[in-house]
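# Architecture and fold: a report
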Amino acid sequence: MSLAQTEEAAPGPRDRLNFIAGEFVAGSGEPFENRSPVDGRLLGVVAHAGEDDVERAVSAARDALSGDWAGLTIDQRVEILHNIADGITARFDAFLDAEVADTGKPRSLASHIDIPRGAANFRIFADVIKNAGSEFFTMATPDGSGAINYALRSPKGVIGVICPWNLPLLLMTWKVGPALAAGNTVVVKPSEETPSTATLLGEVMNAAGVPKGVYNVVHGFGPGSTGEFLTRHPGIDAITFTGETVTGEAIMREAARGVRDISFELGGKNAALVFADCDMDKAVEGTLRSAFANCGQVCLGTERLYVERPVFDEFTARLKAGAQALKLGAPEHADTGMGPLISAVHRDKVLGYYERAAREGARTVTGGGVPEMAPPLNGGFWVEPTIWTGLPETSPVIREEIFGPCCHIAPFDTEDEAVALANDTDYGLAGVVWTENLTRAHRVAPKLRAGIIWINCWFLRDLRTPFGGMGKSGIGREGGLHSLEFYTETSNVCVKL
Ligand code: NAD
Ligand code: 6OD
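Quick caveat, the model's predicted, so the values are computed rather than measured.

### Observations concerning the pairing of strand E13 (residues 302–308)
Across the seven residues of E13, seven count as buried, placing the element largely inside the fold. Looking at chain direction, strand E12 (residues 270–274) and E13 are connected through five bridges and run parallel. The residue of E13 that forms the bridge with Leu-273 is Tyr-306. One crossover worth recording links E12 to the parallel E13 by way of helix H10 (residues 280–292), and it is right-handed.

### Notes on the environment of Ile-20
By the element assignment, Ile-20 lies in strand E1 (residues 18–20). The spacing of Ile-20 and Asp-53 is 33 residues in sequence and 8.2 Å in space, taken between C-alpha atoms. The residues touching Ile-20, leaving out its near neighbours within four places in the chain, are Val-25, Asp-53, Arg-56, Ala-57, Ala-60, Asn-216, Val-217 and Val-218.

### Points about the sheet that holds strand E19 (residues 452–455)
Spatial ordering of the open sheet is given by E14-E15-E16-E13-E12-E18-E19, a layout of seven strands whose pairing is mixed. Each edge of the open sheet carries a strand with a single partner, namely strand E14 (363–366) and E19. With direction set aside, neighbouring strand axes in the sheet form an average angle of 25 degrees. Where E14 lies against strand E15 (residues 386–389), three bridges are found, and the strand directions are antiparallel. In the sheet register, Arg-363 faces E15, and the bridge partner there is Thr-389. Sitting on the sheet, helix H11 (residues 309–325) touches E12, E13, E14, E15 and strand E16 (406–412), and the angle it makes with E13 is about 140 degrees.

### What to know about helix H9 (residues 245–255)
Of all the positions in H9, only Thr-245, Gly-248, Ile-251, Glu-254 and Ala-255 are classed as buried. Projected down its long axis, H9 shows its buried positions confined to an angular sector of 160 degrees, all on one face. Facing away from the buried side of H9 by more than 90 degrees, the exposed set consists of Val-246 and Arg-253. In the core, the buried residues of H9 are packed alongside strand E7 (158–162), helix H8 (226–232), strand E10 (238–242), strand E11 (261–265) and strand E17 (427–428).

### Some details on the site of ligand 2
Around ligand 2 lies a shell of 13 residues, among which Arg-117, Asn-166, Leu-167, Cys-299 and Arg-461 are the nearest. Between ligand 2 and Arg-117 there is a distance of 2.5 Å, counted from an oxygen atom to a side-chain nitrogen or oxygen. The protein chains hide 99% of the 310 Å² of surface that ligand 2 would expose on its own. With three residues, the single largest contributor to the shell around ligand 2 is helix H6 (residues 168–181). No fewer than three residues from each of domain 1 (18–266 + 473–496) and domain 2 (270–461) sit in the shell around ligand 2.

### Structural notes on the site of ligand 1
Within the structure, ligand 1 sits among 30 residues, and Lys-189, Glu-192, Thr-247, Leu-266 and Glu-401 are positioned closest to it. The contact in question runs from an oxygen atom of ligand 1 to an N or O atom on the backbone of Cys-163, over 2.7 Å. Within the side chain of Lys-189, one N or O atom sits 2.6 Å away from an oxygen atom of ligand 1. For ligand 1, whose unbound accessible area comes to 840 Å², protein coverage reaches 93%. When contributions to the shell around ligand 1 are tallied by element, the ones reaching two or more residues are H8, E10 and H9. Examining the composition of the shell around ligand 1, we find that three residues originate from one element, H9, more than from any other. For the shell around ligand 1, the class distribution of residues is 16 nonpolar, eight polar and six charged.

### Observations regarding the sheet that holds strand E5 (residues 136–139)
Taken in spatial order, the three strands line up as E5-E6-E22 in an open sheet, and their pairing is antiparallel. At either end of the open sheet lies a strand with only one pairing partner, and these are E5 and strand E22 (488–496). With strand direction ignored, the average angle separating the axes of adjacent strands in the sheet is 25 degrees. Direction of pairing for E5 relative to strand E6 (residues 147–155): antiparallel, over a ladder of four bridges. Paired with Met-139 across the bridge in E6 is Ala-147.

### Some thoughts on the nonpolar core
Counting 125 residues, the largest nonpolar core has Ile-84, Leu-201, Tyr-215, Leu-300 and Phe-315 as its most contacted members. Of the domains in this structure, domain 1 (18–266 + 473–496) and domain 2 (270–461) are the two that each give at least three residues to this core.

### Remarks on the domain arrangement of the protein chain
Structurally, the protein chain comprises domain 1 (18–266 + 473–496) and domain 2 (270–461). Using C-alpha coordinates to define each centre, domain 1 is positioned 31 Å away from domain 2. Each side of the interface is counted separately: domain 1 has 27 residues, and domain 2 has 29 residues. Of the roughly 2,200 Å² buried where domain 1 meets domain 2, counting both sides, 62% is carbon and sulfur surface. Of all residues in domain 1, the largest losses of buried area upon contact with domain 2 belong to Val-38, Trp-165 and Ser-473, amounting jointly to 25% of the total for that side. The tally of links from domain 1 across to domain 2 stands at zero salt bridges. Our count for the contact surface shared by domain 1 and domain 2 stands at 10 residue pairs in polar contact (both at pLDDT 80 or more).

Cut-offs applied
- Residues numbered from 1 in each chain as written.
- Chains lettered and ligands numbered in written order.
- Predicted model: local features only at pLDDT ≥ 70, side-chain atom pairs only at ≥ 80, totals over all residues.
- Heavy atoms only, no water.
- Buried < 20%, exposed > 50% of the residue type's maximum accessible area, 1.4 Å probe, protein only.
- Helix = DSSP H or I, 4+ residues; strand = E, 2+ residues; numbered from the N terminus.
- Pairing = 2+ DSSP bridges.
- Right-handed = clockwise from strand over helix to strand, strands pointing away.
- Contact = heavy atoms within 4.5 Å.
- Axes fitted to C-alpha atoms, helices over the stretch in contact; angles between N-to-C directions.
- Arc of directions from axis to C-beta.
- Near = heavy atom within 4 Å.
- Polar contact = N/O pair within 3.5 Å; in protein donor to acceptor, adjacent residues only side chain to side chain.
- Areas by Shrake-Rupley, 256 points an atom, 1.4 Å probe, with all protein chains shown as cover.
- Domains from an automatic or database assignment.
- Nonpolar A, V, L, I, M, F, W, Y, C, P; charged D, E, K, R; others polar.
- Core = buried A, V, L, I, M, F, W, Y, C linked by side-chain atoms within 4.5 Å.
- Buried area = accessible area lost by both parts, 1.4 Å probe.
- Salt bridge = Lys/Arg side-chain N within 4 Å of Asp/Glu carboxyl O.

Okay, structure coming up:
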């Protein structure tokens, strides 16, 4: 398949080439198609990195690690990180076009979240590295002269960065920003569904003065392909991964060779608790976003809702009305509230849960099927925003991550029951509590077994705060100084006085 083959004009071929040692290059693997989730049209063809391309990318990253990049002062590195952020901002529309084409998400969403956050991830981690202090301890010694200790941070090395498709630029830069700030070099494997923005970033890196080989991108699939070639490669010192829990298990097996460090941001089956003393307007508006934003393809999204019995009917009715008012449509329309799922494969998975819920006797409050879309959108991967009630807590619909625009809603009677229901999961990524009673909020928050807990809000994130999950939701925390813990090695220096 030719790299130039497209059905219509789309972002240039560079947008889908590998980026190795500062050059845009094809790959030795069979190129593969990139299709629009909105209508299924061919957007372009993606270069496919073979094992030899991964080898070249890793060795470019290793060379850069000890080359010009290592010779920079922190101030020079910080300046380059700001250049990268400025470069993304200067090409805002190109990034926006590419991200919207690959994901089908509403343009309004990507322009407020994905692209600005993609730039902010470089600014924030430039500030973090600039202000990161060092541990310093004095100690007594038997001879009375004493000793001082100080800790030195050094880059961990070449970092393998494996990314998902739901927030491609945001989640990739969330790893690349701190990795580069700490002086590492990276080889990025974007999702096969969303190849464009990671490659476009290569142009920004070159213009920003990033030495060749510091940032590399290899395209392809996971098992038996580019992703596995990368995680298996002994030249990779640590792996940071965002994606499904089962993929995390496979990557962990590879990381065990050579005892390499990992940072994992995995799946979730997040609960929200709606207490009768909540501000109902805020709770409904927040839950509409947490359940349906990005077509439910957000790891932090709410798929399990527990509502205190006195307000159960009112809350359910208002959530239903909000879901039914969501306008499904093309990304560029200002009133589009929800786009399609990422792919036909993912739509089949989500619809499998829709069918299972019906089979298990759920009461469908709204949705549950595939909406009628007019041509050409009928070629896309659309599903209805869906709310169920009435399923037992043992149902796979309530226990497994669906990653679609759907949630199950059940009543509770006591605070203890609500906490127990929220914690009855193998995952532990995020939780939301809706209550105007601050004492209750602070009492409940520490009882929830989740890495991120929101009170009366959702997706509000300061990038310096710890981010990550418990149980099947991940290993480690990233964000601010927490990221530096992963992206650096620490050595203690002890000086006898
Ligand atoms: P995925 O696990 O299918 O794929 C993620 C990446 O891993 C892709 O680039 C893929 O090609 C690669 N990959 C797959 N198998 C591999 C292997 N054996 N070796 C190396 N690489 C491999 O995930 P996805 O479908 O792209 O994303 C959706 C999932 O990501 C959901 O489960 C969601 O919860 C999770 N997610 C988690 C967070 C978080 O912060 N916790 C954020 C976003 C998404
Ligand atoms: O906001 C962020 O930085 C972040 N990591 C969001 C994750 C969203 C998951 O889908």
